[in-house]
Amino acid sequence: MVSYDIQEMEHLNKDFRKRCTQEVEKRREQLKIPDGPLEFVYGYGSSAAGIMLIGEAPGKDEVRMGRPFVGKAGAILSEILENTGFEREDLYITNVVKYRLSREGKRPGTVANRPATTFEITNSMLWLIGEILLVRPQLILTLGNVPLKAMRHIAQYFQATQEEGDLTELQKSYYEEYLNMSEIGMCHGRQLTCTFKNFTATHIPLYHPASLIYNRSLRKAYDADMKEVQRCVVLLSK
Ligand code: URA
């Protein structure tokens, strides 16, 4: 497995970021992005551990720091990773949507985050596929419903763009499995297999770390899911 450290990854990412920024700016109207500054935050990290984490979209803190998951949700994520024995700098962390999704806040003059629409998720899908193929992770951890939805769209995309005869029975069953995964509550902690044309990775859907802020009772389930992640990492390293 080829592995890139943070500096190498940053170098490889340069061209990707430039092309993605240009494309989004060019299609701004078509993507229904409201007027105002377009605040991009791209993936960051290394492929050393062969693990890629995918969140939803950057928020205010991420835009300020130019890195994904550095705000409140990021602090929870760091704690979870530390407890599991992962070094954050060995992982690659990114988001489905690479720019802040904002709306007017409750108080006049303030800006708040908003969830990604299905339209925004599908429109970000090709960039996410490009990024996955660049990192080539053995294990993908999605955080919350938005990246889970993105992975379902990716499975549908690969299923639809391959000739019927090209799909093995095993690939067909992987795609079928994905199509049933509509909500994080029904599949968190499960090991799925995502298969791209010539590349296969294990995917474990996890709750979004921010959900632990609003729903403390999820902590037990999260800990159990991270145990599953640890088991999977041991198996993959054999
Ligand atoms: N920060 C991110 O970068 N992504 C999220 O999904 C949430 C917070």
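Throughout what follows, the structure given in this document is the object of discussion. (Residues numbered from 1 in each chain as written. Predicted model: local features only at pLDDT ≥ 70, side-chain atom pairs only at ≥ 80, totals over all residues. Heavy atoms only, no water.)

Looking at the packing of helix H5 (residues 145–161) against helix H6 (residues 169–179)
- Across the interface, H5 lies against H6 with an axial gap of 9 Å and an inter-helix angle of 145°. The handedness of the crossing between H5 and H6 comes out as left-handed. Residues Met151, Arg152, Ala155, Gln156, Phe158 and Gln159 of H5 touch H6, and the partners they reach there are Tyr175, Glu176, Tyr178 and Leu179.
- Partitioning the contact of H5 with H6 into residue classes produces six nonpolar, two polar and two charged. (Axes fitted to C-alpha atoms, helices over the stretch in contact; angles between N-to-C directions. Helix = DSSP H or I, 4+ residues; strand = E, 2+ residues; numbered from the N terminus. Left-handed = near helix turned anticlockwise from the far one by under 90°. Contact = heavy atoms within 4.5 Å. Nonpolar A, V, L, I, M, F, W, Y, C, P; charged D, E, K, R; others polar.)

Overview of the pairing of strand E3 (residues 92–95)
- Because side chains alternate across E3, one face comprises the buried residues Tyr92 and Thr94, and the other comprises Ile93 and Asn95, equally buried.
- Pairing of strand E2 (residues 51–55) with E3, which is carried by four bridges, proceeds in the parallel orientation. Looking at the pairing, Ile54 lines up with Thr94 of E3. (Buried < 20%, exposed > 50% of the residue type's maximum accessible area, 1.4 Å probe, protein only. Pairing = 2+ DSSP bridges.)

Comments concerning the site of the ligand
- Near the ligand you find Gly55, Glu56, Ala57, Pro58, Glu62, Pro68, Phe69, Asn95 and His208, and these make up its full shell.
- Measuring from a nitrogen atom of the ligand, one finds a side-chain N or O atom of Asn95 at 2.8 Å.
- Within the side chain of His208, a nitrogen or oxygen atom sits 3.0 Å from an oxygen atom of the ligand.
- Starting from 230 Å² of accessible surface for the ligand in isolation, the protein chains cover 89%.
- Of the residues that constitute the shell around the ligand, the class distribution is four nonpolar, three polar and two charged. (Near = heavy atom within 4 Å. Polar contact = N/O pair within 3.5 Å; in protein donor to acceptor, adjacent residues only side chain to side chain. Areas by Shrake-Rupley, 256 points an atom, 1.4 Å probe, with all protein chains shown as cover.)

Quick notes on the environment of Cys187
- Summarising the element assignment, Cys187 is placed in the loop between H6 and strand E7 (192–196).
- Sequence separation between Cys187 and Asn145 is 42 residues, and the spatial gap between their C-alpha atoms is 10 Å.
- The residues contacting Cys187, other than those within four sequence positions of it, are Leu148, Met181 and Pro205.

Here's the deal with the nonpolar core
- Core analysis: the biggest nonpolar cluster contains 67 residues, and Leu53, Tyr99, Ile132 and Ile154 have the highest contact counts within it.
- With residues near it in sequence (within four places) discarded, Leu53 still touches Leu77, Leu81, Leu91, Tyr92, Ile93, Thr94, Leu141 and Leu143. (Core = buried A, V, L, I, M, F, W, Y, C linked by side-chain atoms within 4.5 Å.)

A short note on the pairing of strand E6 (residues 139–143)
- Counting buried residues along E6, five of its five residues qualify, which places the element largely inside the surrounding structure.
- With four bridges joining them, E2 and E6 adopt parallel strand pairing. Within E6, the residue paired with Ile54 across the bridge is Thr142.
- Here five bridges tie E6 to strand E8 (residues 199–206), and the two strands are oriented parallel to one another. Directly across from Ile140, in E8, lies its bridge partner His203.

Concerning helix H1 (residues 6–26)
- With 21 residues, H1 should cover 30 Å at 1.5 Å per step; its first-to-last C-alpha distance of 29 Å lies within 8% of that length.
- A maximum bend of about 35° is found in H1 at Asn13.
- Buried within H1 are the following residues: Ile6, Met9, Asn13, Phe16, Arg17, Cys20, Thr21 and Val24. (Expected span 1.5 Å × (residues − 1). Bend = angle between axes of the 7 residues up to and from the residue.)

Quick word on the packing of aromatic side chains
- In total, this model carries seven aromatic pairs according to the counting rule given.
- Feature note: the residues Phe16, Phe40, Tyr42, Tyr99 and Trp127 constitute an aromatic cluster, connected by ring pairs.
- Stacked on the ring of Phe119, the Lys or Arg Lys32 has its end atom at 4.0 Å from the ring centre. (Phe/Tyr/Trp six-rings, centres within 6.5 Å; stacked < 30°, edge-to-face > 60°. Lys NZ or Arg CZ within 6 Å of the ring centre and 35° of its normal.)

A word on the sheet that holds E7
- The strand order across the open sheet formed by six strands is E1-E3-E2-E6-E8-E7, and the pairing between neighbours is mixed. Because the sheet does not close on itself, it has two edges, and the strands there are strand E1 (44–45) and E7.
- In terms of strand pairing, E7 meets E8 through five bridges, oriented antiparallel. Among the inter-strand pairings, Cys194 is bridged to a residue of E8, identified as Ala201.
- Along the sheet face, helix H8 (residues 219–236) touches E2, E6 and E8 and points at about 160° away from the line of E8.

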